[in-house]
Amino acid sequence: MNYYLATQLYQMFCQYILTEKQLDENSFPKWVDNQPSGKKTIAFIPNFNSSAKNSTEKQLKSTSETSNSKLLTKTCKRCTRNFYLNSCDLSYYEGNSECVFHWGKLRNIRVNKSIEQKFSCCSNGANSSGCEEGKHVHDGDYDGQGKGTDLSGYVETHSPKSPLELLNSKSSRNIFALDCEMCYTTKGLELARVSVVDLNCKTIYESLVKPEAEILDYNTRWSGLTESSLKNCHKKLHQVQNELLRLVNKDTILIGHSLDSDFKALKLIHKNVIDTSVVFPHKLGAPYKRALRNLMFEFLQRTIQEDSDGHDSHEDATSCIHLMIWKINEDLKSNKKQPDFLKLNQTAVAGQSSFVSTKSPVKLTQSESILLNQVKAKIADGQYVRQSQTAYTQMTGMVNSKTPPSVKINSNS
């Protein structure tokens, strides 16, 4: 893809980037205030779910009260019963009871002209005992106010150091989709796999990650990960962070579904975000979110996440790309959203022989001014209309193309 076309596509996607308010409403991690510049080390999660907050506050209180004892008390996410970890090394206490739970969700089912609630996993009623057994798990300790056990170690995408670096950087003006898979450990949910794809659905980064703490559940039904998957994996979270920061900077647009969960697992702070759970909102509004598989089936008539071995992070990432390209196409056809360059293009086509703009919607950097001047030249010589049509055609082609097969995961480095 040539540089001018890439810039135009970037501007098309920019219209869907989450605002600062939307980032907070969807609990994307950010830095705790009042930290010295250049020394930000502690993150916090805004708009933390109140019910989860109260539950976790109790855990933190219980943990502090028993700090001198041998056991830490936690509340199981699945069955809501208390369980224990050994305080010396956070290992799972052997005397814990078995966790009996339903892995499915309650659904309203019509039975003999009445509505009953039944679990999707076993079709049993709402008051039935669990259909599966395992270890107790928890998401992690956090009280919504910057207090918790897992809020350090965050990194933030950086700005290019110079306009020249911005022009030449592979991560500038790029658009990637990202998806992660997590497993349950004694620390909570920890990152176990990450996939990044570009607009052509080509995998540009993929890796397994070795969790720091003892693994309680590989979450295979959802993550597709097993004990054998991570057996020979030695890559740590900080290595993945460093590799991603070489690939992504502040200007890079990252697309995903409920990306806040991925960012928390990656311990990543980034604001140039397009979240398909926000672009395609639930009819009941927040905090409800539509499932990615349902969005793909409704809008693109494609079935995903059907593999009995669990989700594929590569498939989920490419699905987000397809959804956004479909959304942009639909909005362009209905004139709901148009990037500034298309509006300027329409003015040029209407009879203007040169580029005219009374004011810029944003303050441009030196490098952006260079790019804008290049686009002005294209409009002036009439080539821009053809390039706009090329961009539109290419996006339509990507929507209709088949998702390429996953590449082999690189688990060691």
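Residues numbered from 1 in each chain as written. Predicted model: local features only at pLDDT ≥ 70, side-chain atom pairs only at ≥ 80, totals over all residues. Heavy atoms only, no water.

Peer 1: Just checking my understanding: could you explain the overall build of the protein chain for this structure?
Peer 2: Of the regular secondary structure elements, the protein chain holds 13 helices and 16 strands. A total of 413 residues make up the protein chain; the buried ones form 42% of that total. Summed over its atoms, the accessible surface of the protein chain is roughly 22000 Å², and 49% of this surface lies on carbon and sulfur atoms. (Helix = DSSP H or I, 4+ residues; strand = E, 2+ residues; numbered from the N terminus. Buried < 20%, exposed > 50% of the residue type's maximum accessible area, 1.4 Å probe, protein only. Areas by Shrake-Rupley, 256 points an atom, 1.4 Å probe, with all protein chains shown as cover.)

Peer 1: Honestly, the packing of aromatic side chains in this entry has me stumped. Any pointers?
Peer 2: Enumeration over the complete set of coordinates arrives at six aromatic pairs. Judged by centre distance (6.1 Å) and plane angle (35°), the rings of Phe83 and Tyr92 are tilted. Here Phe83 falls in the buried class, since its relative accessible area comes to 0%. Look at Tyr92 and you get buried, because its relative accessible area is 12%. (Phe/Tyr/Trp six-rings, centres within 6.5 Å; stacked < 30°, edge-to-face > 60°.)

Peer 1: I would appreciate a short explanation of the environment of Asp217 in the present structure.
Peer 2: Position of Asp217 relative to the elements: it lies in strand 13 (residues 215–217). Given the relative accessible area of 21%, Asp217 is considered partly exposed. Excluding residues that lie within four positions of it along the chain, Asp217 makes contacts with Arg78, Val137, Cys183 and Tyr184. A polar contact is formed between the side chain of Asp217 and the side chain of Arg78, at a distance of 2.6 Å. Among the polar contacts made by the side chain of Asp217, one reaches the main-chain amide nitrogen of Asn219 at a distance of 2.7 Å. (Contact = heavy atoms within 4.5 Å. Polar contact = N/O pair within 3.5 Å; in protein donor to acceptor, adjacent residues only side chain to side chain.)

Peer 1: Just checking my understanding: could you explain helix 10 (residues 313–334) for this structure?
Peer 2: The α-helix winds at 3.6 residues per turn, so residues separated by three or four positions along the chain end up facing the same way. Between the first and last C-alpha of helix 10 there are 32 Å, a value that for 22 residues agrees with the 32 Å anticipated at 1.5 Å per step. Burial analysis of helix 10 places 17 of its 22 residues in the buried class, the great majority of the element. (Expected span 1.5 Å × (residues − 1).)

Peer 1: Where do I start with the packing of helix 9 (residues 292–300) against helix 10 in this structure?
Peer 2: For any two helices packed against each other, the geometry is given by the interaxial angle and the distance between the axes. Helix 10 packs onto helix 9 with a crossing angle of 40° between their chain directions and a minimal axis gap of 10 Å. Between helix 9 and helix 10, the interaxial angle falls into the category oblique. Handedness of the helix 9/helix 10 crossing: left-handed. Seen from helix 9, the contacting residues are Leu292, Leu295, Met296, Phe299 and Leu300; seen from helix 10, they are Asp316, Ser319, Cys320, His322, Leu323 and Trp326. Across the contact of helix 9 with helix 10, the residue classes break down as eight nonpolar, two polar and one charged. (Axes fitted to C-alpha atoms, helices over the stretch in contact; angles between N-to-C directions. Parallel < 35°, antiparallel > 145°, perpendicular 65-115°, else oblique. Left-handed = near helix turned anticlockwise from the far one by under 90°. Nonpolar A, V, L, I, M, F, W, Y, C, P; charged D, E, K, R; others polar.)

Peer 1: Is there a simple way to think about the nonpolar core in this case?
Peer 2: Among soluble globular proteins, nonpolar side chains are generally buried collectively. Formed by 29 residues in total, the largest nonpolar core has its most connected members in Phe13, Ile253, Ile255, Ile274, Ile321 and Met324. Counting only elements with at least two residues in this core, the list comes to helix 1 (3–14), strand 10 (175–185), strand 14 (253–256), helix 9 and helix 10. A per-element tally of this core places helix 10 first, with eight residues. Among all residues touching Met324, those that are not within four sequence positions of it are Phe13, Tyr16, Ile255, Ile274, Thr276, Val279 and Phe280. In this structure, Leu23, Leu259, Leu266 and Leu268 belong to the second largest nonpolar core, which totals 25 residues. (Core = buried A, V, L, I, M, F, W, Y, C linked by side-chain atoms within 4.5 Å.)

Peer 1: How do you make sense of the side chain of Ser313 when you look at a structure like this?
Peer 2: Mapped onto the elements of the fold, Ser313 is located in helix 10. Polar side-chain contacts of Ser313 include one of 2.6 Å to the side chain of Ser195. Discounting chain neighbours no more than four positions away, the residues touching Ser313 are Asp179, Glu181, Arg193, Ser195 and Glu206.

Peer 1: I tried to follow the pattern of salt bridges on my own but got confused; where do I start?
Peer 2: Opposite charge on two side chains permits them to pair, given that their charged atoms come into close proximity. Tallied over the full model, the rule gives 16 salt bridges. Of the charged contacts, one joins Glu20 and Lys271 as a salt bridge, the two residues approaching to 3.6 Å between their closest N and O atoms. Here Glu20 is found in helix 2 (residues 20–25), whereas its partner Lys271 is found in the loop between strand 15 (268–269) and strand 16 (273–275), with 251 residues between them in sequence. Here Lys271 falls in the partly exposed class, since its relative accessible area comes to 44%. In this structure, the salt-bridge partner of Glu132 is Arg221, at a minimum N-O distance of 3.1 Å. Pair noted here: Glu132 is in strand 8 (residues 132–134) and Arg221 is in helix 5 (residues 220–223), with a separation of 89 residues, a long-range link. Take Glu132: its relative accessible area is 26%, and that puts it in the partly exposed class. Residue class for Arg221 comes out partly exposed when judged on its relative accessible area of 33%. Shared partners join several salt bridges into a network, and the residues in it are Asp260, Lys264 and Lys289. (Salt bridge = Lys/Arg side-chain N within 4 Å of Asp/Glu carboxyl O.)

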